[in-house]
Amino acid sequence: MNIRWRGSFWKLMLVKHAVGTVLSNSASGGHSTLLRDSARNLVGHADLLNGKRAVAALVTVSAIAGGALTAATMKATPHLKTKFRSEPQDTAEGAAEAASDPAEEPETFQGPRLRAV
């Protein structure tokens, strides 16, 4: 048995219509493409546009904006940390680091040295 999908039951569509008009309610509970004004007079038809391109463009713009925001946040974080850090905290951390870092002494090797032959 070979089953093929020939289309979808639901389609994403964008509706283009004039300002001050609304879509008519259809008998099935949805909306039709008939346009009505505020007095409910029929004034024309709405244009239906493919929604796939709009969704693809929205996803692309969102990804680019999210990446830019992430990069800007990562770059600004160290500057913000130092800006909002209190003065006593800086001096206390500096003193703690100075006390915990012993002066490095060069290692002295005790024992026979090996040579490449």
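Everything in this summary refers to the structure shown in the same document. (Residues numbered from 1 in each chain as written. Predicted model: local features only at pLDDT ≥ 70, side-chain atom pairs only at ≥ 80, totals over all residues. Heavy atoms only, no water.)

With that settled, consider the overall build of the chain. Along the chain, the regular secondary structure elements total 2 helices and 5 strands. Its helices and strands taken in sequence order, the chain reads β-β-β-β-β-α-α from the N to the C terminus. For the chain, with 117 residues in total, the buried portion stands at 4%. Look at the contacts in the chain between residues 6 or more apart in sequence, and 31% of them connect residues 24 or more apart. Accessible surface, the chain as shown: approximately 11,100 Å² in total, 61% of it carbon and sulfur. (Helix = DSSP H or I, 4+ residues; strand = E, 2+ residues; numbered from the N terminus. Buried < 20%, exposed > 50% of the residue type's maximum accessible area, 1.4 Å probe, protein only. Contact = heavy atoms within 4.5 Å. Areas by Shrake-Rupley, 256 points an atom, 1.4 Å probe, with all protein chains shown as cover.)

The subject of this paragraph is the sheet that holds strand 2 (residues 22–25). Overall, antiparallel pairing links the 3 strands, which are arranged 2-3-4 in an open sheet. On the outer flanks of this sheet lie strand 2 and strand 4 (42–45), each paired with one strand and no other. The sheet shows a mean angle of 55 degrees between the axes of neighbouring strands, taken without regard to direction. Summarising the sheet, strand 3 (residues 31–36) and strand 4 pair through 3 bridges and their orientation is antiparallel. Bridge pairing in strand 4 places R36 opposite L42. (Pairing = 2+ DSSP bridges. Axes fitted to C-alpha atoms, helices over the stretch in contact; angles between N-to-C directions.)

Let us look at a nonpolar patch on the surface. A cluster of nonpolar side chains, L12, V55 and V59, forms an exposed patch at the surface whose accessible area comes to about 260 Å². Examined against the element boundaries, V55 turns out to sit in helix 1 (residues 51–84). Classification of V55 as partly exposed rests on a relative accessible area of 39%. (Patch = residues over 30% accessible without salt bridge, like charges linked within 9 Å, V, L, I, M, F, W, Y side chains within 5 Å. Salt bridge = Lys/Arg side-chain N within 4 Å of Asp/Glu carboxyl O.)

In this structure, the largest pocket spans a volume of roughly 160 Å³. Considering only residue class, the lining of the largest pocket consists of 3 nonpolar, 5 polar and no charged. (1 Å grid on protein atoms, 1.4 Å probe; cavity = no way out; pocket = protein on both sides within 12 Å on 5 of 7 lines; lining within 4 Å. Points joined across faces, edges and corners; volume = space filled by probe spheres on them. Nonpolar A, V, L, I, M, F, W, Y, C, P; charged D, E, K, R; others polar.)

Now for helix 1. With 34 residues, helix 1 should cover 50 Å at 1.5 Å per step; its first-to-last C-alpha distance of 46 Å lies within 8% of that length. When the local axis directions of helix 1 are compared, the greatest deviation, roughly 35 degrees, occurs at T77, which is followed within four positions by the proline P78. Two to three positions downstream of the cap, the backbone nitrogen of K52 sits 3.0 Å from a side-chain oxygen, assigning the N-cap of helix 1 to N50. (Expected span 1.5 Å × (residues − 1). Bend = angle between axes of the 7 residues up to and from the residue. Polar contact = N/O pair within 3.5 Å; in protein donor to acceptor, adjacent residues only side chain to side chain.)

Another aspect to go through is the environment of L35. Position of L35 relative to the elements: it lies in strand 3. Spatially, the C-alpha atoms of L35 and T21 are 5.9 Å apart, while their sequence positions differ by 14 residues. Residues within four places of L35 in sequence aside, it is in contact with H17, A18, T21, V22, L23, S24, N41, L42, V43, G44, H45 and A46.

So, on to the environment of D37. Tracing the sequence through the fold places D37 in the loop between strand 3 and strand 4. Residues D37 and L23, spaced 14 residues apart in sequence, show a C-alpha to C-alpha distance of 9.0 Å. Among residues more than four places away in sequence, those in contact with D37 are G20 and V43. Looking at D37, its side chain comes within polar contact range of the main-chain nitrogen of A39, at 3.2 Å.

You can see S24 is positioned in strand 2. A distance of 2.8 Å separates polar atoms of two side chains, one belonging to S24 and the other to R36. Those residues in contact with S24 that sit more than four places away from it in its chain are G30, H31, S32, L34, L35 and R36.

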